[in-house]
Amino acid sequence: EMQRLLEALDRHKSATEELIVIVDDIKRLARDVQGHFELKTAIYTRNARLESPTHRFEDSPEGKFVETVLAGAAELERNQNKKQVVNRMKARLENGYWSFCPPPGLINKKHPLHGKLLTPDEPLASIFKAAIEGYRDRLLITQFDIVHFIQDQYKQKGITRKISLRGVQEILNELLYAGYIEYQKWEVPRMKAAHEGFISIETYDEVQRILHD
C-alpha cells in the first residue's frame, strides 16, 4: 500500500496544488526508525509533505529529535509485540501444536479440548499417504514417478490443482504427516504432536533414509 501511495504521488507531482500525505499516527508510518525516515524522504522528494492530527512534523533540530524518539518508541513496541507473539507460538509448539500455516493434506479444525488442531484434509491426505508409502515400498522409484502418480489421482478425484517436483519433495519431507512436530529455528526438538498423522513415524524415517541414500 505504501508503494501504491508513492506511485500516486509520482502521477500527481507535476500538479500545481500542494500534495499532503496524512498519517493518523506517527507509529503507523513505518516498521522501524530507518524505514520511517527513508519513507519520509521518499514522500518529500515527490514534492509532498507529511501531516498528522497527533504530531507536528517540524524541520528544526528539536522537531527531528522528537520525531526520532517517537519512531524509535514505535519500533520498540513492535519488537516487544513480536517477541511476545514468538514466545506464545513457541510455547504452543512445545505443547505439540503446530503454530503456522498447515501443509497441503492437513487443515486446522476447531477441537473442543485442543482449540485449533491439525486434521487430515481429504482426499489429499489419502493421496499423499499412498504416494509416500508407495515410495517407501519402492513401488514408486523416482520422485517423478510420484509427480505422475499424484497428478493421476488428482484427475481421478476431479482435483484441478497440479503438483510440482518441489511439491513432491516437500510432501516426502513433511514430519507433520507422521503426527510429529519439530522446529529447529526455535530449538523445538522432534516430539509427538497433539494431532494424529496419516503415516507412521517409521514410514517417515524410512523415506528420509531413501532420500539421503
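Everything below is about the structure printed above this text.
Residues numbered from 1 in each chain as written. Predicted model: local features only at pLDDT ≥ 70, side-chain atom pairs only at ≥ 80, totals over all residues. Heavy atoms only, no water.

Asker: Can you explain the overall build of the protein? Please cite residues and give values.
Answerer: If you tally the helices and strands in the protein, you get seven helices and six strands. The order of α-helices and β-strands along the protein, N terminus first, is α-β-α-β-α-β-β-α-α-α-β-β-α. Relative to a compact globule of 213 residues, whose C-alpha radius of gyration would be 17 Å, the protein shows 26 Å and is clearly more extended. For the protein, the spread of C-alpha atoms along the three principal axes comes to 75 × 40 × 40 Å. (Helix = DSSP H or I, 4+ residues; strand = E, 2+ residues; numbered from the N terminus. Rg over C-alpha atoms; globule rule 2.2 N^0.38 Å.)

Asker: Quick one: what's the story with the packing of aromatic side chains, residue by residue and with numbers?
Answerer: Applying the stated criterion across every chain yields a total of seven aromatic pairs. Between W98 and Y183, the aromatic rings sit 6.2 Å apart at their centres with planes inclined by 75°, giving edge-to-face as the arrangement. Here the residue W98 occupies a position in the loop between helix 3 (61–94) and strand 3 (106–111), and Y183 occupies one in strand 5 (residues 180–183), the gap between them amounting to 85 residues. Judged by its relative accessible area of 19%, Y183 falls in the buried class. Taken together through their ring pairs, the aromatic side chains of W98, F100, Y183 and W186 make up a single cluster. (Phe/Tyr/Trp six-rings, centres within 6.5 Å; stacked < 30°, edge-to-face > 60°. Buried < 20%, exposed > 50% of the residue type's maximum accessible area, 1.4 Å probe, protein only.)

Asker: Residues and numbers for unusual backbone geometry, please.
Answerer: Across the junction of E122 and P123, the peptide omega takes the value 5°, indicating a cis bond. Summarising the element assignment, P123 is placed in the loop between strand 4 (115–120) and helix 4 (124–136). Phi is positive for N47, close to 60°, though the residue is something other than glycine. With respect to the secondary-structure elements, N47 resides in the loop between helix 2 (33–44) and strand 2 (48–51). The exposure class assigned to N47 is exposed, which follows from its relative accessible area of 55%. You will see that R138, though not glycine, has its phi angle at about 65°, which is positive. Tracing the backbone through its elements, the reader meets R138 in the loop between helix 4 and helix 5 (143–157).

Asker: How would you summarise the environment of E182 if you had to cite specific residues and measurements?
Answerer: Structurally, E182 is set in strand 5. With sequence-adjacent residues up to four places away left out, E182 is seen in contact with W98, L175, V188, P189 and R190. Among the polar contacts listed, one links the side chain of E182 to the side chain of Q184, at a separation of 3.5 Å. (Contact = heavy atoms within 4.5 Å. Polar contact = N/O pair within 3.5 Å; in protein donor to acceptor, adjacent residues only side chain to side chain.)

Asker: Account for helix 5, naming residues and giving values.
Answerer: Helix length check: helix 5 (15 residues) gives 21 Å between terminal C-alpha atoms against 21 Å at 1.5 Å per residue, within 8%. Burial in helix 5 covers these residues: Q143, I146, V147, I150, Q153 and Y154. For helix 5, the arc enclosing every buried residue in end-on projection is 135°, short of the 170-degree limit, so these residues lie on one face. Across from the buried face of helix 5, at angles greater than 90 degrees, the exposed residues are F144, H148, K155 and Q156. Buried-residue contacts for helix 5 involve helix 4, helix 6 (165–172) and helix 7 (201–212). For helix 5, the capping residue at the N-terminal end is T142, with a side-chain oxygen 3.3 Å from the backbone nitrogen of F144. Immediately beyond the C-terminal end of helix 5, within one or two residues, lies G158, with a positive phi of roughly 75°. (Expected span 1.5 Å × (residues − 1). Arc of directions from axis to C-beta.)

Interpretation in functional terms is not warranted from these geometric data alone.
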